[in-house]
Amino acid sequence: MIKKNDIIRLQINSATAEGSGVGRTEEGAAVFVPRSAVGDVLSVRILKVKKTYAFGRIEEILTPSPARIPPDCPSFGKCGGCVWRHITYAEECRLKEQKVRDAVERIGGIQTVFRPIIACDATDRYRNKAQLPVGRDRDGRVQIGFYAFHSHRIIDCSDCALQPEQFADVIRVTREFIDTYDIPVYDETTGQGRLRHLYIRRAEVTDELMVCYVVNGNGLKHEDVLLKNLREALPNLKTVIFNSNREKTNVILGKKNRVAFGEGFIEDELCGMKFKISPFSFWQVNRVQAEKLYAKAREYAALSGNELLLDLYCGTGTIGLTMASSCGSLVGVEIIPDAVHDAEENAARNGVTNARFLCADAPEAAERLRREGLTPEVVILDPPRKGCGEALVRTIRGMEPSRVVYVSCDPATLARDLKYFAENGYITREVTPCDMFSRTAHVESVALLTRV
C-alpha cells in the first residue's frame, strides 16, 4: 500500500466536482490530485493517505493530457477561485456536463434527457461584482485580493482575469490611498482595524460603476482625497458608498450604508428590462449567461399568456418579471423584506402591472393563494445552494401545478430534490446545464418537471 511521501506514476482518468483529477493505484485506491487533467500521466507525491483513498501533488507531468493548456494567471492554484485554467474550455464544459449528469443519475436515481451545456461566449472578464478582503501580510504590505482555498489567508491580486479591467483601477487607487495615509486595515483575529472589504459592481449595459468600502466604523480618514482620486481615475464612476460592519463575523456587508458620492445605486438591463442595483441587491454575476439561462427557463415554462405563474425564492423578482408579459399574472414569494421591496420597485420601473410580491415562506404563500381560490399552473424555483428540501416539494405538490421549472446552482441538491419530486408525482422531463462561472468549479442547471 502507498504511504505518505511515496512518489508514484499515476494516470488521471476522471475529475471531482471541485476540480481535482482522480487516478487509481495498482491496488485500486483513488488518488486526488489538484490541477491535474483527465488524460495526464503524472509523477505524483503522496501527501495524505486514508483507508481507501489518498491525496497527492504533481511532481512531474510525464505525458500531458490533450486537454491541458498553460495556466494564464499568476494566482491560479493559490486563490480559491478558478480551478480549470489549465484545461481547454471545451474540456471544462464536458466535465461540467458530466458533473450534472452524474449527480442527477447517481444521487437522484433519475433517468432523463440531458441537453448540451449552455456555454459562455466569453470565459474571461465576465464578472460584474467583486468582494475583495483587505489586509496586510507579515511584512506589513497591503493585501487586496481573494481568500486562499478553504482559508481566510488573503492572496494579493491586482487584476483578476474574471473581472473587468476597470476593477484593477479601483484596486490600484485604493491600495495607493491606504499606503499614502497609512489607513488601518481590518484584522480578523483581533477585530481591530478599519477597512475590511472593497466591494465593486459594474452595470454592463450602462457601464455604470459602484465602489463600496466596508469599514469597521462609519468611514475613513481623508475620504475626500479618496473620492477625488476615484473620480479622476474612473470616468464612469456613478456612486461611492461606505458600508458599516462592526460585527466580528464572516458576513461581508453590515446593515447600514452611507452614500458619499452619487445616488447609492447603479442601473443595468436584463432581458430588455431595467433594474436598480444597490449594494444589497441580488444581481446575476454574469449578466450575459443569466439572459441565456432565463431564456431556457422561459422555454420550459411554456407560458401561453393566461397562466398564474408562481415564482418561489423570487429575490428581487428578476426571473419572474422577465416572464410577466407571457403569463396572465405573476406572484413572487420571498422571505426577505428588502428583496420584496426591490422586486416591487423593479416591477414599477418596468411598467409591469400583472405582478405582486408576497413577503412570506412557501407554505404561508400557498395557504394565502388557496384562500383566494388561486392555483398556479407553473411554478419557478431558484433556491439557494441548499436546495428546496422535501417539505417544500410537498407544499408544491399540494398546489398541483402542471409544470415546475427548477433553476439550480448545485447539482447535488438539485438531484436530491428531483428525487423528492419523483416521489410526489412529478417527472423530470429534461435538464440543461448552464456555465455561469467559467473557469470555476460551479455549474448551474435548469430542469423541467411535469405532473403525472
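What comes next is a walk through the structure. Computed from a predicted structure; not experimentally measured.

Conventions and cut-offs
- Residues numbered from 1 in each chain as written.
- Predicted model: local features only at pLDDT ≥ 70, side-chain atom pairs only at ≥ 80, totals over all residues.
- Heavy atoms only, no water.
- Pairing = 2+ DSSP bridges.
- Helix = DSSP H or I, 4+ residues; strand = E, 2+ residues; numbered from the N terminus.
- Contact = heavy atoms within 4.5 Å.
- Axes fitted to C-alpha atoms, helices over the stretch in contact; angles between N-to-C directions.
- Core = buried A, V, L, I, M, F, W, Y, C linked by side-chain atoms within 4.5 Å.
- Buried < 20%, exposed > 50% of the residue type's maximum accessible area, 1.4 Å probe, protein only.
- Phe/Tyr/Trp six-rings, centres within 6.5 Å; stacked < 30°, edge-to-face > 60°.
- Lys NZ or Arg CZ within 6 Å of the ring centre and 35° of its normal.

Some thoughts on the sheet that holds strand β18 (residues 355–359)
Reading across from one edge, β6-β21-β22-β20-β19-β16-β17-β18 is the order of the eight strands in this open sheet, with mixed pairing throughout. The open sheet has two edge strands with one neighbour each: β6 (113–114) and β18. Both strand β16 (residues 308–312) and strand β19 (residues 378–381) contribute to a ladder of four bridges, which runs parallel. Among the inter-strand pairings, L312 is bridged to a residue of β19, identified as L381. Running over the sheet, helix α7 (residues 362–371) touches β16, β17 (329–334) and β18 and is turned about 130° from β18.

Quick notes on the nonpolar core
Counting residues in hydrophobic clusters, the biggest one holds 83 residues, and the most contacted among them are L198, Y213 and L230. Residue contributions to this core peak at seven residues, all from strand β11 (residues 209–215). When neighbours within four sequence positions are excluded, L230 is seen to be in contact with V170, V173, V211, Y213, L237 and V240. Residues Y89, L310, A362 and V404 belong to the second largest nonpolar core, which totals 35 residues.

Section: the packing of aromatic side chains
Pairs of aromatic rings are described using the distance from one ring centre to the other and the angle between the two planes. Per the stated rule, a full pass over the model turns up seven aromatic pairs. Between the aromatic rings of F421 and Y426, the centroid separation amounts to 5.9 Å while the plane-to-plane angle is 75°, which identifies the pairing as edge-to-face. The class for Y426 is buried, based on a relative accessible area of 2%. Among the aromatic residues, those joined into a ring-pair cluster are F32, Y53 and F55. Directly above the aromatic system of Y186 lies the positively charged group of R196, at a separation of 4.0 Å from the ring centroid. Over the ring of F265 we find K276; its NZ or CZ atom is 5.0 Å from the centre of that ring.

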